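So you can see what is in the structure, the chains are spelled out below.
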Amino acid sequence: MRITMRLLIMMVSGWPAGTLFANVLENIRVHEAPDHTRVVFDATEVVKYTLTNDADKVVIVFASTKPGAQLDTEIVAAPRQRINALQGQVSGPDYQLTIVLKGRFEPKAFTLAPIAPYGHRLVLDLFAAGSGQKKPVEAPRTQGDRDVLIAIDPGHGGEDPGAIAANRQYEKNIVMQISRRVAAKIDALGGFKSLLVRDGDYYIALRDRFEFARKARADLFVSIHADAFTRGDVRGASVFTLSERGATSEMGRRLAQKENSSDLIGGVGEVSLKGKDPVLKSVLLDLSMEGNRSASVDAGKSVLSSLGRTTNLHKRYVEQAGFMVLKAPDIPSILVETGFLSNPAEARLLSQSAHQEKVATAIVQGIRSWIENSPPPGTLLAKRLAEDRSRARGTRYEVVRGDTLSRVASRFGISQRKLREANNLKSDTVRIGQVLVIPAS
Ligand SMILES: [Zn+2]
């Protein structure tokens, strides 16, 4: 009856036919995350909608909307984790979509303003009832034999493709592949364990990425990316750490700006931002960040020099810029740009498994040598290195690539001065192949 009334009113008030369907629903995408399914609707105008949730059904009525010629509701015809079917039907001036679910889910919907490469969007997140966000189990910090935990964050994902290469490859997919290789190599080291922050094609808010690593008590956070620039000849890998005081280069500033817009493209509802601020506002933040800043730079240097033996570098030093994803207050954090997808040769390389293996190996070697230089207390690795050290005292050590006097000294747990004296060194310079006497303590 109500519908008839509305039609009647519209006929009486003489709305022009064109405004009946002010909006066009053009496309539907589905992204599946471990804790939720995201359904995204593309429209030509701001979406006005009503949402009802009833048992295992979510019904969205798009006001004054018609389906576009290309709209494919068959997108969920394939088996989906949480959706059984998606049915659309024109209902007067509106378009009604019924989503039949495999059980009870909590729907959360929000709209997103246009940002390249998208126009207006409505996002529907379906969370398993009562699940909220994905919560990693807090790792107990038992002393003596825990693994060193490395959080690997593949950039972008889901709605956010990241940079798009000349060969149409998406950054989100390339960095997922590289990250999985990095994770596998870390797990193979022994005494190390990897934690993939994203493990599939879905988007995670930037804050949630480092929160995830914090809760798991990771010892290092590594965000992995591949960049694009307006010029095709720009190339090489770079490593970044966080700067709150501006970027060390114009490229760094531009990059941070681009990476930080991920949340706008990937889509972050108010929900995922709620309750996250206390940590960031903490008075301790500045203090703990200061300590982590130098640790981050050291980790970055180690990874950069390892990468430099495998691939071209964009800059020979660790750069700094205001990356949102690196704002973990208590974990050393670095961001690795593995190369430029806008450079056709590098895009080709980064898509190849042989090159991805090389890059992953270099990243892991860099991480490993940084961690081994000062292993986190309470880890199996720290225990093992201390044992090696006491065995090695009174013996000799041959300097290898990457060694410095201070590095050798800290490896064997002795002071730099003692090592210099034991070897009658006039300076702190050591060369590859040089044999040093390691004094018994
Ligand atoms: Zn990126």
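Scroll up to find the structure.
So, a few notes on the structure that sits alongside this text. (Residues numbered from 1 in each chain as written. Predicted model: local features only at pLDDT ≥ 70, side-chain atom pairs only at ≥ 80, totals over all residues.)

## Some details on the nonpolar core
Then comes step 1: Core analysis: the largest hydrophobic core is formed by 67 residues, its most contacted members being Ile150, Ala151, Ala213, Val222 and Ile363.
Then comes step 2: Top element by residues in this core is helix α10 (residues 353-373). It accounts for eight residues.
Then comes step 3: Core analysis: the second largest hydrophobic core is formed by 21 residues, Leu25, Phe41, Ile99 and Leu126 among them. (Core = buried A, V, L, I, M, F, W, Y, C linked by C-beta atoms within 7 Å. Buried ≥ 20, exposed ≤ 12 C-beta atoms within 10 Å, placed from the backbone. Helix = DSSP H or I, 4+ residues; strand = E, 2+ residues; numbered from the N terminus.)

## Here's the deal with the sheet that holds strand β1 (residues 23-32)
Then comes step 1: One open sheet holds the five strands; their spatial order is β5-β1-β2-β9-β8, and the pairing between them is mixed. Across the chains shown, the open sheet's two edge strands, defined by having one partner strand only, are β5 (65-67) and β8 (105-112). For this sheet, the mean inter-axis angle between neighbouring strands, taken without regard to orientation, is 30°.
Then comes step 2: Bridging between β1 and strand β2 (residues 36-43) involves seven bridges; their strand directions are antiparallel. Along β2, the bridge assignment pairs His31 with Arg38. (Pairing = 2+ DSSP bridges. Axes fitted to C-alpha atoms, helices over the stretch in contact; angles between N-to-C directions.)

## Some remarks on the environment of Tyr118
Then comes step 1: Mapped onto the elements of the fold, Tyr118 is located in the loop between β8 and β9 (120-128).
Then comes step 2: Each C-alpha atom, one on Tyr118 and one on Asp160, is 9.8 Å from the other, the two residues being 42 residues apart in sequence.

## Let's talk about the sheet that holds strand β3 (residues 49-54)
Then comes step 1: The sheet built from four strands is open, its strands ordered β3-β4-β7-β6 with antiparallel pairing. Bordering the open sheet on either side are β3 and β6 (83-91), each of which pairs with just one other strand. Pairwise comparison of adjacent strand axes, ignoring direction, gives a mean angle of 15° for this sheet.

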